[in-house]
Amino acid sequence: MKIFKALTTLAISIGTLFGTLPVHAREWSPKAVVDGVYSGIQKIHAYRATPRLIWNTVRGQRGNCGPIRGSHYCTRVYTVYITNRDIRMPYQHGHAAFAYIIAHEYAHAMQTPYRFGRGRSYITELEADCLAGVYLGLIPNIVFDNKDIREIATFAHRIGDYAWGSEYHHGTPKQRVKAVVIGMKASVNGKGVSACRV
Ligand SMILES: [Zn+2]
């Protein structure tokens, strides 16, 4: 498949960038993934824009932006909410897939100060996927090997949807894979977040 060929190339270039040891990390616990993604993000953006994160929430629970229907970023209190479902589901693929979810929600927080996509549409969602890819690739001391990248890609594919016209449309499976891969490539080739502007 074309997509997997592209992924292999990407894994090789990320491996090259980080030196000679593309050793697959053990499966990290959700807590370790959250800490890892957050410490990476803080290194990139300093403390200027690190939202609070509340994770392992339950659907229906009350959050600061109303009842929690799914993982989201609440602008008003500058907080990312991650539901227990959004931990369980990506973990069926592995810890890298979970890291992508955290980075995606974090990207929504970044879309405000950096004047990325406004409002809510699948374009904003795909941009968040792309930004997530950039963040993942920039986290220090982490090597995303082929298996990790495949985890991210298969999970992005799984959560794509065809609900065109719905306010919950996040992009098709293909579009979501493409967006996160563009982001990961951009973090390797130095284009960074500018590759994600729509
Ligand atoms: Zn989103």
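Conventions and cut-offs
- Residues numbered from 1 in each chain as written.
- Predicted model: local features only at pLDDT ≥ 70, side-chain atom pairs only at ≥ 80, totals over all residues.
- Heavy atoms only, no water.
- Pairing = 2+ DSSP bridges.
- Helix = DSSP H or I, 4+ residues; strand = E, 2+ residues; numbered from the N terminus.
- Axes fitted to C-alpha atoms, helices over the stretch in contact; angles between N-to-C directions.
- Contact = heavy atoms within 4.5 Å.
- Phe/Tyr/Trp six-rings, centres within 6.5 Å; stacked < 30°, edge-to-face > 60°.
- Buried < 20%, exposed > 50% of the residue type's maximum accessible area, 1.4 Å probe, protein only.
- Expected span 1.5 Å × (residues − 1).
- Salt bridge = Lys/Arg side-chain N within 4 Å of Asp/Glu carboxyl O.
- pLDDT = per-residue confidence, 0-100.

Details of the sheet that holds strand S5 (residues 79–83)
And step 1. Taking strand neighbours across the sheet as the criterion, the 3 strands line up as S1-S5-S4 in an open arrangement whose pairing is mixed. A single partner strand is all that each edge strand has here, and the edge strands are strand S1 (52–57) and strand S4 (72–74). Taking the axes of each pair of neighbouring strands and ignoring which way they run, one obtains an average angle of 25° across the sheet.
And step 2. Relative to S5, S1 runs parallel, the two being bridged by 5 bridges. Along S5, the bridge assignment pairs Thr57 with Thr83.
And step 3. Sheet strands in contact with helix H4 (residues 95–110) are S1, S4 and S5, and its direction is about 150° off that of S5.

Structural notes on the packing of aromatic side chains
For any pair of aromatic rings, the description rests on two quantities: the centre-to-centre distance and the angle between the ring planes.
And step 1. Scanning all chains against the criterion turns up 6 aromatic pairs.
And step 2. Plain terms: the ring middles of Tyr73 and Tyr78 are 6.0 Å apart, the flat faces sit at 75° to each other, and that makes the pair edge-to-face.
And step 3. For Tyr78, a relative accessible area of 29% corresponds to the partly exposed category.
And step 4. Members of the aromatic cluster, each reached through a chain of ring pairs, are Tyr38, Tyr106 and Tyr135.

Brief notes about H4
And step 1. Taking 1.5 Å as the rise per residue, H4 with 16 residues should run 22 Å; its terminal C-alpha atoms sit 23 Å apart, in good agreement.
And step 2. Burial within H4 is extensive, with 16 of its 16 residues counted as buried.

Here we look at the pattern of salt bridges
And step 1. All chains considered together, the criterion is met by 5 salt bridges.
And step 2. A salt bridge links Lys147 to Glu27; the shortest N-O distance between them is 3.6 Å. Residue Lys147 is found in helix H6 (residues 146–158), and its partner Glu27 is found in the loop between helix H1 (2–17) and helix H2 (30–45); the two are separated by 120 residues along the sequence.
And step 3. What makes Glu27 partly exposed here is its relative accessible area of 41%.
And step 4. Lys31 serves as the salt-bridge partner of Asp35, at 2.7 Å between the closest nitrogen and oxygen.

A few points about the pairing of S5
And step 1. Across the 5 residues that make up S5, a large majority, 5, are buried.
And step 2. The side-chain alternation of S5 yields two buried faces, one formed by Thr79, Tyr81 and Thr83 and the other by Val80 and Ile82.
And step 3. Examined bridge by bridge, S4 and S5 share 3 bridges and lie antiparallel to one another. Bridge pairing in S5 places Cys74 opposite Thr79.
And step 4. Counting the residues between successive antiparallel strands, the hairpin from S4 to S5 contains 4 residues, one of them, Tyr78, with a positive phi of roughly 55°.

A look at the confidence of the model for the chain
And step 1. Here the chain averages 83 in pLDDT, and 80% of its residues register 70 or above.
And step 2. When the elements of the chain are averaged for pLDDT, H1 gives the smallest value, 48, and helix H3 (residues 85–91) the largest, 95.
And step 3. Across residues 12–24 the pLDDT falls below 50, and counting only partners more than four positions away or on other chains, this stretch makes 18 contacts in the model.

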